[in-house]
Amino acid sequence: MSAEFGGRTGRQGKLSQWLRGRRPQEAATDNGGREALLLAAAGAGLPLAPAAHPAPGYGCSCDRVGCPTPARHPVSFAWQTQSTTDPAQIERWARHQPQANFITATGMVHDVLDVPVEAGLEALERLLGAGIDVGPVAESDDGRLLFFTLTRGTPEDEDEWWPCELDCHPETMDEHPGLRWHCRGSYVLVPPARLPGDQRVYWVRGPEHPLPDPLTLLEVLTDACARHIGEEPYHHTNGAWPLRH
């Protein structure tokens with residue numbers, strides 16, 4: 001597959017064109033297509049909860065002045081306990097809130113490795129070319145590629161919790177210009193989603209792809225991010241990650 005997409009230069013490469021060519025199919029905006037995509041995500045085990053959506057004025061349906069994450073955050077403070085894969089509940093939400101985006105809570109079943117789109121496209125090409133199983137991948141028009149993986153789990157011993165510098169919370173994402181690791185206590189938008197400025201979040205590899213172990217993707221992703229942001233890749237030692245303090 002790498003030969004098929006070889007010779008890529010920037011966003012004009014063949015892999016990027018291939019991904020762009022998938023967008024109209026994946027970014028269904030009618031209610032039927034939206035609901036089907038949400039149910040497919042839930043069917044793959046991704047727990048969902050309603051989120052805000054773009055709106056005139058401040059750009060977010062929450063009406064908060066200066067909302068830091070317009071159309072990107074849950075509508076309920078109880079989103080972690082509210083998140084579900086129950087199709088009947090998701091259908092009710094989707095039909096009663098036809099404009100709402102949806103988030104998926106990470107750290108329960110899955111994590112998300114969130115990288116700049118240029119680095120992500122390079123890494124995706126390398127991973128596919130090496131025959132590595134890549135799970136669902138979503139792209140956000142604001143310049144991020146989201147790799148969905150299995151979660152690393154929730155250890156009984158909090159001192160073993162995962163990880164430290166790669167960990168990311170939605171409210172502090174600007175502090176993580178390279179790779180962001182969404183795990184317990186975090187969330188991402190699940191496609192299809194709309195952002196202010198007529199931007200979207202859409203699948204480039206759908207939720208029918210099995211979730212991989214994040215460690216099978218991590219080295220390639222960190223190397224690609226290092227090249228694109230001019231920093232040294234983040235390395236771990238003997239398979240052990242720094243602990244959160």
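Before any of the text, the structure's been laid out above.
These figures come from a predicted structure and were not determined experimentally. (Residues numbered from 1 in each chain as written. Predicted model: local features only at pLDDT ≥ 70, side-chain atom pairs only at ≥ 80, totals over all residues. Heavy atoms only, no water.)

### Some remarks on the overall build of the protein chain
The condition that has to hold: Under the DSSP-based scheme used, a helix requires at least four consecutive residues in state H or I and a strand at least two consecutive residues in state E, with every element numbered from the N terminus. Only protein chains enter the calculation, and the probe is 1.4 Å; a residue is then buried if its accessible area is under 20% of its type maximum, exposed if over 50%, and partly exposed in between. Here, residues are in contact when the closest pair of their heavy atoms is within 4.5 Å. Using a 1.4 Å probe, the Shrake-Rupley method yields the accessible areas, and only the shown protein chains count as cover for residues.
Assigned secondary structure in the protein chain consists of six helices and nine strands. A total of 245 residues make up the protein chain; the buried ones form 51% of that total. For the protein chain, contacts bridging at least 24 residues in sequence account for 75% of all contacts bridging at least 6. With the model as given, the accessible surface of the protein chain reaches about 11600 Å², and the carbon-plus-sulfur share is 50%.

### Topic: the packing of aromatic side chains
How we decide: Here a Phe, Tyr or Trp ring, Trp counted by its six-membered ring, pairs with any other such ring whose centre lies within 6.5 Å, and the pair is stacked when the planes are under 30 degrees apart, edge-to-face when over 60, and tilted otherwise.
All chains considered together, the criterion is met by three aromatic pairs. Aromatic side chains Trp-79 and Tyr-187 sit 4.8 Å apart centroid to centroid with 75° between the ring planes, which places their arrangement in the edge-to-face category. Taken as a pair, Trp-79 in helix α3 (residues 79-82) and Tyr-187 in strand β7 (residues 187-190) lie far apart in primary sequence, 108 residues in all. Exposure remark for Trp-79: the relative accessible area of 11% places this residue in the buried category. For the ring pair Phe-148 and Trp-203, a centre distance of 5.1 Å and an interplane angle of 55° mean the geometry is tilted. Here Phe-148, found in strand β5 (residues 144-150), pairs with Trp-203, found in strand β9 (residues 199-205); they are 55 residues apart in sequence, far enough to count as distant. Across the pair, exposure class does not vary: Phe-148 and Trp-203 are buried alike.

### A word on the side chain of Thr-106
To keep things clear, this is the line we draw: We call two N or O atoms a polar contact when they sit within 3.5 Å, provided that within protein one can donate a hydrogen and the other can accept it, with sequence-adjacent residues counted only if both atoms are side-chain atoms.
Looking at the element boundaries, Thr-106 is found in the loop between β2 (101-105) and β3 (110-116). The exposure class of Thr-106 is buried, given its relative accessible area of 3%. Polar contacts involving the side chain of Thr-106 include one to the main-chain carbonyl oxygen of Cys-183, which spans 2.6 Å. The contacts of Thr-106, once residues within four sequence positions are left out, are Asp-111, Val-112, His-182, Cys-183, Arg-184, Gly-185, Ser-186 and Tyr-187.

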